[in-house]
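# Analysis of the macromolecular model
Residues per chain are reported as follows:
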Amino acid sequence: MEIPSHIGNLSHLTTLDLSNNKLTGRISSPIQNLSSIMNLYELKTLNLGYNLLSMEIPFHIGNLFQLITLDLSNNKLTGGIPSSIQNLTKLETLKLENNLVTGEIPSWLFNINGLEDLFLGGNNLAWNNNAKIVPNCMLLQLSMKSCGLTGEIPDWISTYKTLQFLDLSENQLEGMFPQWLAEMEVGVLILSDNSLMGSLPSSLFNSQSLVVLSLARNNFSRELPYNIGNATGLEILMLVGNNFSGKVPESISKIIFLKLLDLSRNRFSGNTLPDLSSLVLNIIDFSSNQFSGELPTNFPSLTKFLALGENNFSSSLPRNLINMSNLVHLDIHDNKITCEIPEFICQISTFNLQILDLSSNHLIDEIPAKFGNLVGMIETPHIFSQLLDIYNYSIELNDLIINWKKSQQGLSNHNLDLYFLLDLSTNQLSGEIPSSLGNLKALKLLNISHNNLTGKLPTSLGDLKSIESLDFSYNKISGSIPQSLAKLQQLTVLDVSNNNLTGKIPVGRQMDTMNNPNFYANNSWLCGMQIQVLCPQDHLSPTELTKPIEIESKETWFSWEGMVIGYSVGLFVTIGSIYLNGYFDPTPPPNRR
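Let me sum up the structure you'll find in this document.

Scoring rules and cut-offs
- Residues numbered from 1 in each chain as written.
- Predicted model: local features only at pLDDT ≥ 70, side-chain atom pairs only at ≥ 80, totals over all residues.
- Heavy atoms only, no water.
- Helix = DSSP H or I, 4+ residues; strand = E, 2+ residues; numbered from the N terminus.
- Buried < 20%, exposed > 50% of the residue type's maximum accessible area, 1.4 Å probe, protein only.
- Contact = heavy atoms within 4.5 Å.
- Pairing = 2+ DSSP bridges.
- Axes fitted to C-alpha atoms, helices over the stretch in contact; angles between N-to-C directions.
- Phe/Tyr/Trp six-rings, centres within 6.5 Å; stacked < 30°, edge-to-face > 60°.
- Core = buried A, V, L, I, M, F, W, Y, C linked by side-chain atoms within 4.5 Å.
- Salt bridge = Lys/Arg side-chain N within 4 Å of Asp/Glu carboxyl O.
- Lys, Arg positive; Asp, Glu negative; His and termini not counted.
- Polar contact = N/O pair within 3.5 Å; in protein donor to acceptor, adjacent residues only side chain to side chain.

Glancing now at the overall build of the chain. When helices and strands are counted, the chain shows three helices and 43 strands. Split into buried and exposed, the 593 residues of the chain put 58% on the buried side. Long-range contacts, defined here as pairs at least 24 residues apart, represent 56% of the contacts in the chain between residues at least 6 apart.

Strand direction decides the pairing type here: strand E21 (residues 267-270) and strand E23 (residues 290-294), joined by two bridges, are parallel. Bridge assignment links Gly-270 to a residue of E23, and that residue is Phe-291. Of the strand pairs in this sheet, E23 and strand E25 (residues 312-314) are connected by three bridges, and their pairing is parallel. Bridged to Glu-294 within E25 is Ser-314.

The next thing to look at is the sheet that holds strand E36 (residues 452-454). The sheet built from four strands is open, its strands ordered E27-E29-E34-E36 with parallel pairing. Each edge of the sheet is formed by a strand with only one pairing partner; in this case those strands are strand E27 (338-340) and E36. Taking the axes of each pair of neighbouring strands and ignoring which way they run, one obtains an average angle of 20° across the sheet. For E27 and strand E29 (residues 362-365), the ladder comprises three bridges, and the chain directions are parallel. Residue pairing across strands places Glu-340 opposite Ile-364, the latter belonging to E29.

What follows is about the packing of aromatic side chains. Overall, the coordinates contain eleven aromatic pairs when judged by the stated rule. Here Phe-110 and Trp-156 contribute two aromatic rings whose centre-to-centre distance is 5.2 Å and whose plane-to-plane angle is 70°, an arrangement assigned as edge-to-face. With Phe-110 in the loop between strand E7 (102-104) and strand E8 (117-119) and Trp-156 in the loop between strand E11 (150-151) and strand E12 (165-167), the pair connects residues that are 46 residues apart, well separated along the chain. The residues Phe-110 and Trp-156 share a single accessibility class, namely buried. Both rings, one in Trp-156 and one in Tyr-160, keep their centres 6.3 Å apart while their planes meet at 80°; by these two values the pair is edge-to-face. What makes Tyr-160 buried here is its relative accessible area of 2%. By the ring-pair criterion, three or more aromatic residues cluster together here, those being Phe-110, Trp-127, Trp-156 and Tyr-160.

Let us look at the pairing of strand E13 (residues 172-176). If a strand is regular, its side chains alternate between the two faces of the sheet. With two bridges connecting them, E11 and E13 associate as parallel partners. Its bridge partner being in E13, Gly-151 is matched across the sheet by Leu-173.

What follows covers the nonpolar core. Counting residues in hydrophobic clusters, the biggest one holds 147 residues, and the most contacted among them are Phe-371, Leu-446 and Phe-472. Secondary-structure elements contributing two or more residues to this core are helix H1 (35-38), helix H2 (179-182) and strand E41 (525-527). One finds Val-188, Val-212, Met-238 and Ala-307 within the second-largest nonpolar core, a separate group that totals twelve residues.

We now examine the sheet that holds E21. The sheet built from eight strands is open, its strands ordered E11-E13-E15-E17-E19-E21-E23-E25 with parallel pairing. Edge strands, defined here as strands with exactly one partner in the open sheet, are E11 and E25. The pairing of strand E19 (residues 243-246) with E21 spans two bridges and is parallel. Residue Ser-245 lies in a different strand from E21, and its bridge partner there is Arg-267.

Further remarks concern the pattern of salt bridges. Note on pairing: side chains with opposite charge can pair once their charged atoms come close. One pass over the full model with this rule turns up six salt bridges. Across the pair Glu-235 and Lys-259 runs a salt bridge whose closest N-O atoms are separated by 2.9 Å. Of the two residues, Glu-235 sits in the loop between strand E17 (219-222) and strand E18 (236-238) while Lys-259 sits in the loop between E19 and strand E20 (260-262), which places them 24 residues apart along the sequence. The same class applies to Glu-235 and to Lys-259, which are both buried. For Lys-487, the salt bridge identified is with Asp-463, shortest N-O distance 3.5 Å. With Lys-487 in the loop between strand E38 (478-479) and strand E39 (493-495) and Asp-463 in the loop between E36 and strand E37 (469-471), this residue pair connects regions lying 24 residues apart in the sequence.

Looking at the secondary structure, you find Leu-327 in the loop between E25 and strand E26 (329-331). Under the relative-accessibility criterion, Leu-327 is labelled buried at 0%. The spatial distance from the C-alpha of Leu-327 to the C-alpha of Phe-351 is 9.1 Å, given a sequence separation of 24 residues.

Note that Asp-357 resides in strand E28 (residues 355-357). Buried within the structure, Asp-357 lacks any salt-bridge partner; Arg-265 is the closest side chain of opposite charge, at an N-O distance of 15 Å. A distance of 2.7 Å separates polar atoms of two side chains, one belonging to Asp-357 and the other to Ser-359.

Time to look at the environment of Phe-257. Mapped onto the elements of the fold, Phe-257 is located in the loop between E19 and E20. Exposure remark for Phe-257: the relative accessible area of 46% places this residue in the partly exposed category. Separated by 46 residues in sequence, Phe-257 and Val-211 have C-alpha atoms that sit 9.5 Å apart. Once you skip the residues sitting within four places of it in the chain, Phe-257 turns out to touch Thr-232, Leu-234, Glu-235 and Val-280.

See below:
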C-alpha cells in the first residue's frame, strides 16, 4: 500500500492515523520518503500501530516537537529507543509495545514531564535494575511486559501514586506480593508469568478500583483472603497455575460484575462451591483442582464457557445443567461421573454448544441418538465471534491446550467459531454408534475411543463434511470401514485401531492419505493399500494375506491438557465493557476474515 508522497505538504496537519493497515517494509517505503512526515511540524498525534513496518525507529522523529501521542506499537521495528525521543517534551503517550526493539530501557523516559502512558512490553528490551528512577511524570499506565525485570517488584513504582494500569508480566520477578502495591488502588494489575510467591495480602481486595487482576503462572500459595468479595469492581480474575489451596471463599459471590473467573491448575478443594448464579460470569474455569462431591450447577445462565475437568466430582450428571442455556463450551473430562448419558444432556444450550468433553469418566450404556440434535454442532453459528464482539479490549488467554491431530496446539480466539469438538472417549459406553452422529456436519473432531462400542461404523459418518479427526480406537467395532468416509475432504486423522474390523480399507480422495499403519493395527482382517496388505479380491487366498502389524499402544490421540488462562498458545479472548475511566485504550479491531 502506497501513501502519497505529497502528504508532507499538509503542513498544518495535527493528526496522522495510519494504524491497523497492512503497511510493510521500511517506514520510508510506503511513505516514499520519511522526510514527508518529518516536515509535519504541527503534528500532535502520529499513529502507525498495527502494521508490518520493519526498520529502526527514526532518530529524526525527535524533531516533531508538538507530538502528544506517538504510537508505533505492533509492528516489526528493530534497534534501540532513540535518544531524540526525550526532546518530545509535550509527549503524553508513547506506545512501542510488541515490536523487536532491543537494548536497555533508557531511564530518561521517566523524566518526560507530561508522560502519562508508557507501553514498552513485548520487545527484546532489558531493564537495568541499578537504574535510579526519580519520577518527574505522573504515569497513569505502565507496561513493562517481558522487559527483563529481575528480583522483587521495583519499589520505585510506588512513587507513581496515580498509576491505574500496570503490566509486569513475563519477567523474572521474585519475592512476595508487596504491601505497598496492594494499597495503590491500581485498576488493572497484570503480574502473570513470574516467580512471585507467598500469600496475597488481604488489603489488595479492599480496593474499589481493581477491575482486572491477573496473577497467572506464579508460585502464590495458601488460601485466598476471605475478604476477596470486597473487591466489588473486579471483572476479570485470573489465578491459574499457582499453588492456592483450601476452599474458594464464599464472599467471591459478592463480586456481582465478575465476567471471567479462572482458578484452574491450583490445589483448591472442597465438596461445595460458592453460589455464583447471580453473577454475570461469561467464562468459568475451575479445572485441574481437587474439588469433589456432586457436580455443581450453581452457575449463571449467561455462562458460555464452563470448565470443570480434572477434578474429583462424582455422582451423576445433574439435570440442572439444562438451565445453562448459553453454553458454548462444556468440559467435565477426567472426573468420576458415573451414570448413563442422560438424554437431557442434548438439551444443554441446544443451539450454542460447540465443544462438549465428557471423556475419562465412568459413563455407561449407549450414546443417545439425540446427540444428533445438537444444533450448535450441525451448523456454524459463529457464537464465539458474537461473544468476543460484545467486549472492547483484549487480554491474553492461553486457555485451551489440546493434542490436536497428534500435536499440541491451542485454540485461538480468532478461530474459535471454527472449532466443534465432541469427546466421549475413555468411558464404559456400549452399544452401537448412533447413525444420527452423521448430522453433526460442523464437527471438527469426534473421539469415542476407549469404550466398549459394538456394531458397525455407520455410513452416515461420511456426512461429517467438516471433520478433521475421527478416533474409534479401542472398541469392539466390527464389519468394514464404510466407503462413505472417502467423501470427507477435511479428514487428516482416522484411528480405528484395536477393533474387530475386516475387509478392504476404502480408497479414493482423503482415504488414500490415511496410511499410518498404527491407526489400523490390531483388527481382525483389514487389508488395503494404506497398510500394504493385499485383499482377497486381489486374487490371493486368505492364507496368503499378510497379517496386519500388531502394535501395543493405549495412548489415545486426543486428550485435553488443561484450561490455562494466560497461556502457552495464545487464547486471546476479548473481554470488556470494562469500566476503566479511559485509562485503558481499546485494542483496534482486527481485520476479520
